[in-house]
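Residue-level structure breakdown
One-letter residues, chain by chain:
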Amino acid sequence: MTLHRYRMKRGALRRRAKDISLVLIVLVCATLVLWSWDTTPTSSFLPPESHFLKLEPEEKSERIPTVPNTETKDSYSSATPFVNKEQSKEDPTDNKDTEEEEEKQVEEVTDSETNQGKASTIEKEEKQVEEVTDSETDQGKASNIEGEQVEREVSVSEPKFQKTPTSEENKIEQEVTAGEADAKTTHIKKTNSDPEKKTLTTDQERIEQVVAKKDDDDSSSTARISNQACNYAKGKWVVDKHRPLYSGSRCKQWLASMWACRLMQRTDFAFERLRWQPKDCSMEDFEGSKFLRRMQDKTLAFVGDSLGRQQFQSMMCMITGGKERRDVLDVGPEFGFITPQGGARPGGWAYRFPETNTTVLYHWSSTLCDIEPINTLDPLTEHAMHLDRPPAFLRNYLHKINVLVMNTGHHWNRGKLNGNRWVMHLNGVPNTNRKLAALGNAKNFTIHSTVSWVSSQLPNHPGLKAFYRSLSPRHFVGGEWNTGGSCNNTTPMSIGKEVLQEESSDYSAGHAVKGTGVKLLDITALSHIRDEGHISRFSISASKGVQDCLHWCLPGVPDTWNEILFAMI
């Protein structure tokens, strides 16, 4: 009996131990579940990440064109659309963001660039953005950033040009040095192919483009950078069925027959249909009536060589639409343009449109310096070519000019100097400086001297806007004009090719205007890819076998120079 009781008690204990074990197991499991829920509420029950279908993030369609992967030798880039239609117009007053927002924009750009094999990093971009933000905070204007960058560029990459040197020798040394790299400059190139050479201004433009894209992502309007900051020298040639702006065969009142290719034997005129399209900004359409209203009671003066005369005749045809205007007045005598006794032509031409009292003139000054006869009584006398004096015309009539466009370049050769009996002078006496004896150095010195003088006169003429037009390129192949050089291409090869460089191909011109109040009318690179636009072998006045690969057919490339000028004034 006692044994039976003992066995019953032991069985009960075993069942109770099993119950206790089950309770403990449940408690432990519950504890683990609660702990894992607190740590990762939902993902602890989801399948491993490797079981998911991974989707690549959608790549942004916008590309920032200022960091190309390579730079080709021929300096042409492949054709790309001018504007991303998803971008919208940027408010010029809204040009600042917080530092955090700018860093976020730069991170987005960097991610996109990484997908395309770009070499720039987030840290480098953030550092540059911080510099932009700090500079904007101190100055309150984005234009000051560009000014600081120009100062950095001058101090690092270019010899300084001192506008008021302490001695004449220092002035000559500085100005001559600026022109030594002129012949080495590439006309057309992609921008910032080396990430280490990015400019602060370029990065600011990139940030502004990203901000505009983000703010106006749902808008279908076209993005435009403010024309005040537009680099009209960047862009490409496109076909426009509305061109040309005037008829080359009917603009006989203003256009010399030697430049009117419609009056020659040329049969291919596709070059007349091209229009210059600036990159990332719009260029105002030229209208003669609009130009006259803008220039009411004002005078536009072109001062330079035969390319300046072409630009002048182009402007007259553009204003009138190539039509005859009997009401336009010849006011040349007001500016001293009188044909001298025994001379072939006056020193220039001046015409006035009576409806708006607008005057357009041209003065011949092929070297953009003062030239005067040494002996006025001797018809065969030599002429003093004063490198440090502006043309007498500018000294006498600058007060009557509101918009001035200067140029020089192609007459700086020994043939011209010897043929015209020009003798270089400095400080009123024949030049003895060996460096200035080199014509390239003399030209560069003269450009700097005249531009500097005009800039010094701007405070005395508050309404004056002054421009220096960069060099118009030549396209002689296989020789010079008198040694069999030719330019036989008549088919536009520039369609879709872009000019993306930030600096002018004319180094001397770009350097001369820095730090002055004179603006650069940069036309060199955009004209360089238009070799089919020259008069070539079709000249009606050239000798047999001589081609004109310097002057342009009109209508033609100089019309674009005037369109850019119109946009800039």
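Procedures and definitions
Residues numbered from 1 in each chain as written. Predicted model: local features only at pLDDT ≥ 70, side-chain atom pairs only at ≥ 80, totals over all residues. Heavy atoms only, no water. UniProt positions renumbered as here; feature names shortened; annotations may be inferred. Disulfide = S-S within 2.5 Å. Helix = DSSP H or I, 4+ residues; strand = E, 2+ residues; numbered from the N terminus. Buried < 20%, exposed > 50% of the residue type's maximum accessible area, 1.4 Å probe, protein only. Pairing = 2+ DSSP bridges. Phe/Tyr/Trp six-rings, centres within 6.5 Å; stacked < 30°, edge-to-face > 60°. Lys NZ or Arg CZ within 6 Å of the ring centre and 35° of its normal. 1 Å grid on protein atoms, 1.4 Å probe; cavity = no way out; pocket = protein on both sides within 12 Å on 5 of 7 lines; lining within 4 Å. Points joined across faces, edges and corners; volume = space filled by probe spheres on them. Nonpolar A, V, L, I, M, F, W, Y, C, P; charged D, E, K, R; others polar. Core = buried A, V, L, I, M, F, W, Y, C linked by side-chain atoms within 4.5 Å. Contact = heavy atoms within 4.5 Å.

The protein has the name Protein trichome birefringence-like 16 isoform X1 in an unreviewed UniProt entry, where Raphanus sativus is given as its organism. The record held by UniProt for the protein lists under Subcellular location (unreviewed entry) the comment "Membrane". Taken from UniProt, the Sequence similarities (unreviewed entry) comment for the protein reads in full: "Belongs to the PC-esterase family. TBL subfamily."

So, on to the state of the cysteines. Summed over the entire model, instances satisfying the criterion amount to four disulfides. Through a disulfide, cysteine 230 is tied to cysteine 281; the S-S separation comes to 1.8 Å. Of this pair, cysteine 230 sits in the loop between α6 (200–215) and β1 (235–239) while cysteine 281 sits in the loop between β2 (274–278) and α7 (288–294); the two residues are 51 residues apart in sequence, bridging distant segments of the chain. The same class applies to cysteine 230 and to cysteine 281, which are both buried. Two residues share a disulfide in this structure: cysteine 487 and cysteine 549, whose sulfurs sit 2.1 Å from each other.

Let us now look at the sheet that holds β2. Ordered in space as β2-β1-β13, the three strands form an open sheet in which the pairing is antiparallel. Looking at which strands have only one partner, the edges of the open sheet turn out to be β2 and β13 (498–499). The sheet contact formed by β1 and β2 spans five bridges and is antiparallel. Across the sheet, residue valine 239 finds its bridge partner in β2, namely leucine 274.

Take the packing of aromatic side chains next. Inspection of every chain in the model, using the stated rule, returns 14 aromatic pairs. Measuring from centroid to centroid gives 6.3 Å for phenylalanine 291 and phenylalanine 566, while their planes differ by 50 degrees, and the two rings are tilted. Placement of phenylalanine 291 in helix α7 and of phenylalanine 566 in helix α15 (residues 557–568) is noted, with a sequence separation of 275 residues between them. Ring geometry for phenylalanine 393 versus tyrosine 397: centroids 5.2 Å apart, planes at 35 degrees, classification tilted. Of this pair, phenylalanine 393 and tyrosine 397 both sit in helix α9 (residues 392–397), separated by four residues, roughly a single helical turn. A relative accessible area of 6% places phenylalanine 393 in the buried class. Following the ring pairs from residue to residue traces out a cluster consisting of Trp254, Phe312, Trp349, Tyr351 and Tyr362. For the cation-ring pair, arginine 262 lies above phenylalanine 269, with the distance from its terminal atom to the ring centre recorded as 3.9 Å.

A water-sized probe rolled over the atoms picks out the places where empty space is left. Empty space within the second largest pocket amounts to approximately 1,200 Å³. Taken together, 40 residues form the lining of the second largest pocket, with His410, Arg474, Phe476, Leu550 and His551 sitting closest to its centre. Listed by contribution, the elements that provide at least two residues to the lining of the second largest pocket are α8 (306–320), α10 (414–420), α12 (439–457), α14 (524–528) and β16 (548–552). Within the lining of the second largest pocket, the residues separate by chemical class into 14 nonpolar, 17 polar and nine charged.

Further remarks concern the nonpolar core. Counting residues in hydrophobic clusters, the biggest one holds 60 residues, and the most contacted among them are Phe291, Leu300, Phe302, Met315, Ile319, Val360 and Leu565. Of the residues forming this core, the biggest block, seven residues, is contributed by α8. Not counting the four nearest positions on each side in its chain, valine 360 is found in contact with Phe291, Leu300, Phe302, Phe312, Met315, Met316, Ile319, Trp349, Ala350, Tyr351 and Phe353. In terms of nonpolar packing, the next biggest core, distinct from the first, is built from 26 residues, Leu394, Ile401, Ala512 and Val513 among them.

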